[in-house]
Amino acid sequence: MSDIEKAIFKAKLELEIITAEEIQRWAVETLEDNPSHDLALDICFLSTSEQVSNYFKQLSKNLLNTKLTKEYVNLLLNEYIVKNVDLVKTQDTFSFLQKILYLSQSLKNQDLYDLLDYYDDQFNLSFEGHIPSEPNIVLKEFLKDLKNFVVTSE
């Protein structure tokens, strides 16, 4: 279970769903119930939130790609998209896009990666004036297609 927990924490940190401080609190609470929990012990030996963040950033992307963790992280990614897709505004599109692009690439979800890559190109072309669509139009199309993708992948 420790690898699954690591993968989930890694994904949640990447999506900014959880903070390093919350992970530290989880570790302390977990050790109260189970003093031999390996991951909680590892985290408790890290003294700062920056060290906790670095611990998870340095974990291999392959950790996200085992069958069981892939299922958990895909569910987490879908929940994140559904929760945030209507909140995305033009100024934070790239941050949103980068977060889900990273995880789709780590999960080797080629269909999602292709969709995100396509819209990344569309945004760039729109901002540079190479296509007639305004960035807001591209954003609306992107969010609509992303919602459809999540619904059809469930």
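Treat the numbers as computed from the prediction; the structure is a model and nothing was measured. (Residues numbered from 1 in each chain as written. Predicted model: local features only at pLDDT ≥ 70, side-chain atom pairs only at ≥ 80, totals over all residues. Heavy atoms only, no water.)

Describing the environment of glutamine 51
Rules: In DSSP terms, a helix is any run of H or I states spanning at least four residues, a strand is any run of E spanning at least two, and both are numbered starting from the N terminus. Three labels apply to residues, based on accessible area from a 1.4 Å probe with only protein chains included: buried if under 20% of the type maximum, exposed if over 50%, partly exposed otherwise in between.
Tracing the backbone shows glutamine 51 in helix H4 (residues 49-57). With a relative accessible area of 35%, glutamine 51 lands in the partly exposed category. For the pair glutamine 51 and glutamate 79, spaced 28 residues apart in sequence, the C-alpha to C-alpha distance is 27 Å.

A word on the nonpolar core
The condition that has to hold: To form a nonpolar core, buried Ala, Val, Leu, Ile, Met, Phe, Trp, Tyr and Cys residues must be joined to one another through side-chain atoms within 4.5 Å.
In this structure, Phe56, Ile100, Phe142 and Leu146 are the most contacted members of the largest nonpolar core, which totals 44 residues. Of all the secondary-structure elements, those providing two or more residues to this core are helix H1 (2-14), helix H2 (20-33), helix H3 (38-44), H4, helix H5 (67-84), helix H6 (93-106), helix H7 (110-128) and helix H8 (135-153). Take this core: its biggest share by element is 7 residues, from H8.

Considering unusual backbone geometry
Although it is not a glycine, glutamate 16 adopts a positive phi angle of roughly 60°. With respect to the element layout, glutamate 16 can be found in the loop between H1 and H2. For glutamate 16, a relative accessible area of 60% gives the class exposed.

Quick notes on the pattern of salt bridges
Basically, it comes down to this: Any carboxyl oxygen of Asp or Glu within 4 Å of a side-chain nitrogen of Lys or Arg constitutes a salt bridge here.
By the definition in use, this model includes 1 salt bridge. Linking glutamate 16 and lysine 99 is a salt bridge whose minimum nitrogen-to-oxygen distance equals 2.9 Å. Of this pair, glutamate 16 sits in the loop between H1 and H2 while lysine 99 sits in helix H6, and the two are 83 residues apart along the sequence.

Digging into H6
Applied cut-off: Here the expected span of a helix is defined as 1.5 Å times the quantity of residues minus one.
Its 14 residues give H6 an end-to-end C-alpha distance of 20 Å, which sits within 8% of 20 Å, the value for a rise of 1.5 Å per residue. Most of H6 is tucked away: 10 of the 14 residues are buried. Within H6 the residues assigned to the buried category are Thr93, Phe96, Leu97, Lys99, Ile100, Leu101, Tyr102, Leu103, Ser104 and Ser106. Phi turns positive one or two residues past the end of H6, at lysine 108, with a value near 55°.

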